[in-house]
Amino acid sequence: MSKILENKCKEELKNLDGVKRILLHSCCAPCSSHVITYLSTYFDITILYYNPNIAPQDEYLKRKNEQIKLINMLTSPNKINYIDCDYDNDKYNELVKGYEMCPEKGERCTICFNLRLEETAKKAKENNYDYFCSTLTVSPYKNAELINEIGEQLEKKYNVKWLHSDFKKENGYKHSIELSHKYGLYRQDYCGCVYSKRDELLRKSKKNND
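The rules behind these values
- Residues numbered from 1 in each chain as written.
- Predicted model: local features only at pLDDT ≥ 70, side-chain atom pairs only at ≥ 80, totals over all residues.
- Heavy atoms only, no water.
- Buried < 20%, exposed > 50% of the residue type's maximum accessible area, 1.4 Å probe, protein only.
- Helix = DSSP H or I, 4+ residues; strand = E, 2+ residues; numbered from the N terminus.
- Pairing = 2+ DSSP bridges.
- Salt bridge = Lys/Arg side-chain N within 4 Å of Asp/Glu carboxyl O.
- Axes fitted to C-alpha atoms, helices over the stretch in contact; angles between N-to-C directions.
- Parallel < 35°, antiparallel > 145°, perpendicular 65-115°, else oblique.
- Left-handed = near helix turned anticlockwise from the far one by under 90°.
- Contact = heavy atoms within 4.5 Å.
- Nonpolar A, V, L, I, M, F, W, Y, C, P; charged D, E, K, R; others polar.
- Polar contact = N/O pair within 3.5 Å; in protein donor to acceptor, adjacent residues only side chain to side chain.
- Expected span 1.5 Å × (residues − 1).
- Phe/Tyr/Trp six-rings, centres within 6.5 Å; stacked < 30°, edge-to-face > 60°.

### Some details on the pairing of strand S4 (residues 131–134)
On S4, burial covers both faces: Tyr 131 and Cys 133 on one face and Phe 132 and Ser 134 on the other are all buried. Here strand S1 (residues 20–25) pairs with S4 via four bridges, running parallel. Paired with Leu 24 across the two strands is Cys 133, which belongs to S4. Sheet analysis places S4 next to strand S5 (residues 161–162), joined by two bridges and oriented parallel. Residue Tyr 131 lies in a different strand from S5, and its bridge partner there is Lys 161.

Given below as structure tokens:
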């Protein structure tokens, strides 16, 4: 399936008629680094930083500031803009009630993907973007097939094109690590929510005990 997504993305990019506008949801600066450099040849990119899952708030602000720092350092053949969103962790917490003990990649993550991608699709429609997309698929820890399925559903709902992707392919994730080092980006050690932080601390504790 990953190869199909990769080829679908390449085919869509190859068939673009001129430079288009894309609203790109970014989960963090490190993941966005590869995706921005990859897509900037084809699009005027606007980064949407909408991540109400991230907690605590000082962690959210730290990651947001890293995103802004990266955008200011990058050079691009086309425009790179930025849209900030208010911190809304209460909305995320309300949606995931009852799913607190789900493992990573479980139903809680699906709810989180839906929340962030739907906000991106809404804003893309409201502001007449040609496409919307997310940096989430650059991570080897995220289900690219699921993310693209959600994107396809939102494309139909909001009538704005979803750019299929599996940005981790062809060393995309490795490139994001290299760019993170190049630009001195903060690389977090948990996905963002308090539950992923909890699970990461448990994993480290178990490793140390072993």
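Having seen the model, we can carry on.
### Things to note about the pattern of salt bridges
Pairing of side chains with opposite charge becomes possible as their charged atoms draw close. In the structure shown here, the tally under the stated rule is 12 salt bridges. Here Lys 10 and Glu 170 are joined by a salt bridge, their closest N and O atoms 2.5 Å apart. Placement of the pair is Lys 10 in helix H1 (residues 2–14) and Glu 170 in the loop between S5 and helix H7 (172–183), with a sequence separation of 160 residues. A salt bridge links Arg 63 to Glu 59, with the shortest nitrogen-to-oxygen separation between them at 2.7 Å. Of this pair, Arg 63 and Glu 59 both sit in helix H3 (residues 57–73), separated by four residues, roughly a single helical turn. You'll find Arg 63 and Glu 59 in the same group, each marked buried.

### Digging into the packing of helix H2 (residues 29–39) against H3
Helix-helix packing is described using two parameters, namely the angle between the two axes and the distance between the axes. Orientation of H2 relative to H3, taken along the N-to-C sense of each, is 30°, at an axis distance of 9 Å. Taken together, the axes of H2 and H3 are roughly parallel relative to one another. Crossing handedness for the pair H2 and H3: right-handed. Here Ala 29, Ser 32, Ser 33 and Ile 36 of H2 come into contact with H3, specifically with Glu 66, Gln 67 and Leu 70. Of the residues assigned to the contact of H2 with H3, the class counts are three nonpolar, three polar and one charged.

### Notes on H2
Most of H2 is tucked away: nine of the 11 residues are buried. Among all positions of H2, only Ala 29, Pro 30, Cys 31, Ser 32, Ser 33, His 34, Val 35, Ile 36 and Leu 39 are buried.

### Re the environment of Lys 97
With respect to the helices, strands and loops of the structure, Lys 97 is situated in the loop between helix H4 (89–95) and helix H5 (107–126). Assessed through its relative accessible area of 54%, Lys 97 is described here as exposed. Each C-alpha atom of the pair Lys 97 and Arg 108 lies 8.9 Å from the other, and the pair is 11 residues apart in sequence. A polar contact of 3.3 Å, which involves the side chain of Lys 97, links it to the side chain of Glu 94.

### Topic: H3
Taking 1.5 Å of rise per residue, the 17 residues of H3 would be expected to cover 24 Å, and the 24 Å separating its terminal C-alpha atoms lies within 8% of that figure. Buried positions along H3 lie against H2, strand S2 (43–49), strand S3 (80–84) and H7.

### With respect to the packing of H5 against helix H6 (residues 144–158)
Taken N-terminus to C-terminus, the directions of H5 and H6 make an angle of 35°; their axes are 10 Å apart at the nearest point. As H5 packs across H6, the resulting crossing turns out to be right-handed. Across from Thr 110, Phe 113, Asn 114, Leu 117, Glu 118, Ala 121, Lys 122 and Lys 125 in H5, the residues of H6 making contact are Leu 146, Ile 147, Ile 150, Leu 154, Lys 157 and Tyr 158. Across the contact of H5 with H6, the residue classes break down as eight nonpolar, two polar and four charged.

### Structural notes on the packing of aromatic side chains
Under the criterion given, the structure shown has six aromatic pairs. Each ring, one from Tyr 60 and one from Tyr 87, has its centre 4.6 Å from the other, and the planes form 45°; the classification is tilted. With Tyr 60 in helix H3 and Tyr 87 in the loop between S3 and H4, the pair connects residues that are 27 residues apart, well separated along the chain. Judged by relative accessible area, which is 26%, Tyr 87 ranks as partly exposed.

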